[in-house]
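Residue-level structure breakdown
Take a look at the letters that make up each chain.
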Amino acid sequence: MFKYKIDSEVELKMLGMQEAEALFRLTDANRQYLREWMPWIDETKTSEDTRLFIEGTRKRWAKGLGIATGIEYRGELCGVIDLHGLSWTNRKTAVGYWLGASFQGNGIMTRACRAIVDYAVHELKLHRIEICAGIHNVRSRAIPERLGFQLEGIARGAQLLYGRYIDLAVYSVLADEWSESARSR
Ligand SMILES: CC(C)(COP(=O)(O)OP(=O)(O)OC[C@H]1O[C@@H](n2cnc3c(N)ncnc32)[C@H](O)[C@@H]1OP(=O)(O)O)[C@@H](O)C(=O)NCCC(=O)NCCS
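Here's a quick rundown of the structure. Predicted model only: the values in this text are computed from it and were never measured.

Below, the discussion takes up the overall build of the protein. Helix and strand content of the protein: six helices and eight strands. Along the chain direction, N to C, the helices and strands of the protein fall in the order β-β-α-α-α-β-β-β-α-β-α-β-β-α. Over its C-alpha atoms the protein spans a radius of gyration of 16 Å, differing by no more than 12% from the 16 Å that the globule rule assigns to 185 residues. If one aligns the C-alpha atoms of the protein with their principal axes, the spans along those axes are about 45 × 40 × 35 Å. Taking all 185 residues of the protein together, the buried fraction comes to 46%. Long-range contacts, defined here as pairs at least 24 residues apart, represent 61% of the contacts in the protein between residues at least 6 apart. Averaged over its 26 positive side-chain charges, the protein has a centre that lies 1 Å from the centre of its 24 negative ones.

Given below as structure tokens:
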């Protein structure tokens, strides 16, 4: 069971069935806001859908293909961060994330993202970490930019979002760059 206390406010906990109800409630309460950028919202209709999502993340974890953790802020579930698309052949992965709307503006995701990249680089010994965000998703793009990721370019029409293809800004950091930047953090 992965559990990581980042500081006195923010903690990452691997998602399990015990989080299903709270995670569904958080999703349901933020439906309109999350729908702008998250492609899976309309498919998440009941807590059973959230259970199936968690089950999928547990299976991927068991196979060493990624991790999905709930983010707790002052003891309350406020969002999710994950590592997906993990390739052991190329030692790379990608980070995905979302927060409930009212939790924005506290640096929670920047802290969560820093912690999960630390985990990917130092524990999993991965070489490349990627973050992709819709080109107009300013708040999401600010996270890799704040953490010193490099913008590599724009992947055109790379995500289907409710019937339209959107362009994604592709950011990455390599393990040696991350370790180097840690000295100034
Ligand atoms: C993307 C998303 C997680 C960003 O949330 P966020 O709150 O802006 O990001 P953080 O939690 O890192 O907080 C950063 C904000 O807190 C402030 N902040 C406060 N303390 C901070 C700290 N210790 N460290 C960093 N920032 C801090 C920053 O100044 C920034 O505020 P600003 O935008 O007013 O300048 C959120 O908007 C979201 O979930 N959106 C919908 C889903 C989505 O788009 N997911 C990503 C798909 S690619």
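What follows picks up the thread again.
This next bit is on the side chain of Thr-44. By secondary structure assignment, the location of Thr-44 is in the loop between helix H2 (31-35) and helix H3 (47-62). Of the residues examined, Thr-44 reaches a relative accessible area of 10% and is grouped as buried. A polar contact is formed between the side chain of Thr-44 and the backbone oxygen of Trp-40, at a distance of 3.1 Å. Apart from residues lying up to four places away in sequence, Thr-44 is in contact with Phe-24, Thr-27, Arg-31, Asp-49 and Thr-50.

The immediate surroundings of the ligand are formed by 20 residues, with Leu-99, Gln-104, Gly-105, Met-109 and Thr-110 found nearest. In the environment of the ligand, a nitrogen atom lies 2.8 Å from a nitrogen or oxygen atom belonging to the backbone of Tyr-97. Between the ligand and Leu-99, the relevant distance is 2.8 Å, taken from an oxygen atom to a main-chain nitrogen or oxygen of the residue. When the ligand is considered free in solution it has 940 Å² of accessible area, and contact with the protein chains removes 72% of it. Counting residues per element, the shell around the ligand draws most heavily on helix H5 (residues 138-146), at four residues. Looking at the shell around the ligand, its residues break down into eleven nonpolar, seven polar and two charged.

Moving on to unusual backbone geometry. A positive phi is found at Arg-91, a non-glycine position, where the angle reads about 50°. Among the structural elements, Arg-91 can be located in the loop between strand S4 (76-87) and strand S5 (92-99).

Cut-off values and rules
Residues numbered from 1 in each chain as written. Predicted model: local features only at pLDDT ≥ 70, side-chain atom pairs only at ≥ 80, totals over all residues. Heavy atoms only, no water. Helix = DSSP H or I, 4+ residues; strand = E, 2+ residues; numbered from the N terminus. Rg over C-alpha atoms; globule rule 2.2 N^0.38 Å. Buried < 20%, exposed > 50% of the residue type's maximum accessible area, 1.4 Å probe, protein only. Contact = heavy atoms within 4.5 Å. Lys, Arg positive; Asp, Glu negative; His and termini not counted. Charge placed at Lys NZ, Arg CZ, Asp CG, Glu CD. Polar contact = N/O pair within 3.5 Å; in protein donor to acceptor, adjacent residues only side chain to side chain. Near = heavy atom within 4 Å. Areas by Shrake-Rupley, 256 points an atom, 1.4 Å probe, with all protein chains shown as cover. Nonpolar A, V, L, I, M, F, W, Y, C, P; charged D, E, K, R; others polar.

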